[in-house]
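# An overview of the molecular structure
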Amino acid sequence: MELTRSPRVKALLKSRYPQLVLFVLMLAGFVFAILAGFIGTPVGSHNFSIVFVWIAWWAILILVAVPFFGRGWCAVCPIPVAGDWLQRGAVLNPAPKTPKWLGLRVPAKFRNMWMQNISFTLVALFSSVILTTPVVTSVVLAAMLFLAIGLSMVFERRAFCRYLCPVGGFIGLYAQTAPIELRIKDKNVCAKCVGKPCYNGSDLGSGCPWDVFPGGLTKNTYCGLCLECLRTCPHDNIAINARPFSADLARPSAKLDEAFKAFIMLGAALIYAYVLMGSSGAAKLAAYNVFTPAWFVYAAIFLTVIFILLPGLYWLVISITPRGRGVGVREFAIASTPLIPLGLMFWVAFSLSFVLTNATYILAALSDPLGLGWNLFGTAALAWQPLLSAFIAPAQSLALVGGLAWAARTAQKTAPQAGISSAPVISYCLAVTLLMIWLLL
Amino acid sequence: MRFNFLLFLLGLAGLVMMFAPLPVQSSPPVEREFRIEASQYAYSPGEISVNPGDTVKIHLVSTDVVHGLYVDEYGVSITADPGQTATLTFVADKPGSFRLRCNVTCGAMHPFMIGKLYVGPNLWFYRSAGLAALVILSIVFWKRSNQPTITAN
Ligand code: SF4
Ligand code: SF4
Ligand code: SF4
Ligand SMILES: [Cu+2]
């Protein structure tokens, strides 16, 4: 169903002003979060930076934005905005024909998800510190902002978003499951279109900042929903559609970098469920005390689980079955597609447990964002109180079992495309889901 | 038709799995006492088990800074100053697994200072695991019944 058919919706999306207003608001909030981390209280649960980034933003991102709007967050994300403006030398005008800065093309060997796999893993290894220490959160946020700006000067388009952003990678992976997509309406119109302004830019807007050719879009992974092509297409050939969940997964990706992203996310959810939601104090101290011997052990286990154990077991499980003899890299990547909905629901279930428990901090931090004793809205003294705790276990159970069903259905469609039976894939999904249920409930 | 009936049975089994009341606990309620040591960022022992109906008495001892202990869903809590013992008494009348959480900001990892209380068997775990197995069964059956001729590839 085409959402952009309504002229009012379309006008709203085509106009640059609504998006600009959101960008400015988001950027202000982002810069404030960075400042709050530096000048506010070092107590994480009372600092705007921690509370708004890791409780409020994270909850909205993983529970609402990604499952329902795919890369919708990227459409309003403030991180690349300053870089965009500098790169174009303008706030509203499109990118100039001749680049203002270096405008290099990203080298071919980096044009994949591996850098994002690495950047996410790095953040993940230090997450216990980042998640709890305002200054460290601010350093990470500021680093992202400046890296995005720097890469905009050196490379063309949005190199940071496309190849480096630690969150951008998994948002893109999971965006394939969202019930929304930006696609062309008619292939033939694109075939005859002279100059392809959606990719090359025109007076109406920049060429795709995410370096994809909208005419060739078949999945959501790399389209940042920036809406430029909606503005530049002279033939009104771009549509935003509502569609069934996980439509992109019917034609699975055969790329190993994306497959590994799925394993990394799955493994990280399992490890966090154990370390953060479990009762082992030793694990928490090891994760928190970075660069101590215990942390190195933790890091080694972390890396082994996400890069060797989970993918290795998967490889083993699918290749020992009768039809799995000749499983190559391509087949392995295709066969790991069901881990995308499964991993998303793991993160939903994991996030439910700490978001609802710590939601009261949001109201308190709103009144006293820096932890300096202000009371702007009279909610600063609000006592910590877990919300809806009776509802968390059933909701997690539903999310995990639902995710398993979703993964199993996906496996039935994708395993044949990898030339294997879906049985080992479903068994693997069942096993990791039982493990996650055991860790969380 | 046969398969529809099978699916119906599986659905029924799922409902039973989710909502069936647990067999009544046979052991008479007793008073259970625990001494729990709290330190950054864990309880020791980290997990305690009682039977439904038991009266739970927790002596919380802090070995470093001030810590609290809040029992999810029961909503009861205590705070222990370093070196002092605080005692919390409540009747464990809700079955299942519940997290114990520190409710006094005690350091960076405070939001993740967690323990567990099991009252009887871990209901949601067994229900969810059973449901997961059922869901897989139904999906496999559903596929078989809908595309009996498919020979993938
Ligand atoms: S990829 Fe990262 S930086 Fe870019 S828009 Fe998305 S979240 Fe923001
Ligand atoms: S500008 Fe429009 S018609 Fe031309 S290639 Fe792009 S999407 Fe197709
Ligand atoms: S220009 Fe179009 S295809 Fe490219 S990222 Fe923006 S919305 Fe997606
Ligand atoms: Cu504590």
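Reference entry: report on the structure contained in this document. Source: prediction; values computed, not measured. In every chain, residue numbers begin from 1 and rise along the written sequence. Chain A is the first chain written and ligand 1 is the first ligand written, with later ones labelled in order. Local features are withheld for residues below a pLDDT of 70 in this predicted model, meaning they are given only at 70 or higher, and side-chain atom pairs are given and counted only at 80 or more; totals for whole chains, interfaces and linings count all residues. For the side-chain quantities, the full set of heavy atoms in the structure was used; hydrogens and water were omitted.

### As for the site of ligand 3
Lining the immediate environment of ligand 3, one finds 14 residues, of which A:C208, A:C223, A:G224, A:C226 and A:C229 sit closest. Residues are grouped as follows: Ala, Val, Leu, Ile, Met, Phe, Trp, Tyr, Cys and Pro are nonpolar; Asp, Glu, Lys and Arg are charged; every other residue, Gly included, is polar. Its residues placed into classes, the shell around ligand 3 shows twelve nonpolar, one polar and one charged. By convention in this text, a residue qualifies as near a molecule or strand provided that one of its non-hydrogen atoms is within 4 Å of it.

### A few points about the pairing of strand β8 (residues 96–101) of chain B
Residue and element names in this part refer to chain B. Burial status follows relative accessibility: with a 1.4 Å probe on protein chains alone, a residue under 20% of its type maximum counts as buried, one over 50% as exposed, and anything between as partly exposed. Helix and strand definitions follow DSSP, with helices as H or I runs of at least four residues and strands as E runs of at least two, each counted in order from the N terminus. Here β8 lies mainly inside the structure; five of its six residues are buried. The pairing criterion for strands is at least two bridges between them, as found by DSSP. Relative to β8, strand β5 (residues 67–71) runs antiparallel, the two being bridged by two bridges. Across the sheet, the residue bridging to Y70 is R101, located in β8.

### Some thoughts on the sheet that holds β8(B)
All names here are of chain B. Reading across the sheet, the five strands line up as β3-β9-β8-β5-β6 and stay open at both edges, with mixed pairing between neighbours. At either end of the open sheet lies a strand with only one pairing partner, and these are β3 (47–50) and β6 (77–80). In this sheet, neighbouring strand axes are inclined to one another by 20° on average, regardless of whether the strands run parallel or antiparallel. As judged from the four bridges shared by β5 and β6, these two strands associate in the antiparallel manner. What counts as an axis is a line fitted to C-alpha atoms, over the stretch in contact for a helix, and the angles between N-to-C directions run from 0 to 180 degrees.

### Here we look at helix α20 (residues 389–414) of chain A
Since there are 3.6 residues in each turn of an α-helix, residues three or four apart along the chain are aligned in direction. Taking 1.5 Å of rise per residue, 26 residues should cover 38 Å, and α20(A) covers 37 Å from first to last C-alpha, within 8% of that figure. Among the 26 residues that make up α20(A), 19 are buried, leaving the element largely enclosed by the rest of the structure. Multiplying 1.5 Å by the helix residue count minus one yields the expected span of that helix.

### Brief notes about the pattern of salt bridges
All names here are of chain A. One side-chain nitrogen of Lys or Arg within 4 Å of one carboxyl oxygen of Asp or Glu is enough to make a salt bridge. If you walk through the whole model with that rule in mind, you get 19 salt bridges over all chains. With a closest N to O distance of 3.5 Å, D236 and K185 form a salt bridge. Residue D236 is located in the loop between α13 (228–232) and β2 (238–242), and its partner K185 is located in the loop between β1 (180–184) and α11 (187–192); the two are separated by 51 residues in the primary sequence. A salt bridge links D248 to R243; its shortest N-O distance comes to 2.5 Å. A single network of salt bridges, built from pairs that share partners, joins E2, K10, K185 and D236.

### A look at the site of ligand 1
Residue and element names in this part refer to chain A. All residues adjacent to ligand 1 are W73, C74, C77, I79, P80, F160, C161, C165, V167, G168 and W210. Elements with a minimum of two residues in the shell around ligand 1: α4 (72–76), α9 (159–164) and α10 (166–175). Partitioned by chemical class, the residues of the shell around ligand 1 number ten nonpolar, one polar and no charged.

### Structural notes on the coordination of the copper ion (ligand 4)
Residues and elements named next belong to chain B. All of the protein donors around the copper ion (ligand 4) are H67 (ND1), C102 (SG), C106 (SG) and M113 (SD); their distances to the metal are 2.1 to 2.6 Å. The coordination sphere of the copper ion (ligand 4) comprises four donor atoms, whose angles at the metal cover 93 to 121°; the geometry is tetrahedral. Nitrogen, oxygen and sulfur within 2.8 Å of a metal are treated as its donors, or within 3.2 Å for sodium, potassium and calcium (Na, K, Ca); water is not counted, so a site can appear incomplete. All donor residues of the copper ion (ligand 4) come from one chain, and their arrangement in sequence is H-x34-C-x3-C-x6-M. You can see H67 sitting in strand β5 and its partner M113 sitting in the loop between β8 and β9 (114–119), a full 46 residues away along the chain. Judged on exposure class, the residue H67 and its partner M113 are both buried. Only four donors with every angle between 85 and 135 degrees are called tetrahedral; only four or six donors with opposite donors over 155 degrees apart and all others between 65 and 115 are called square planar or octahedral, in that order; all others are irregular.

Remember, this is a structural readout, not a statement about activity or role.
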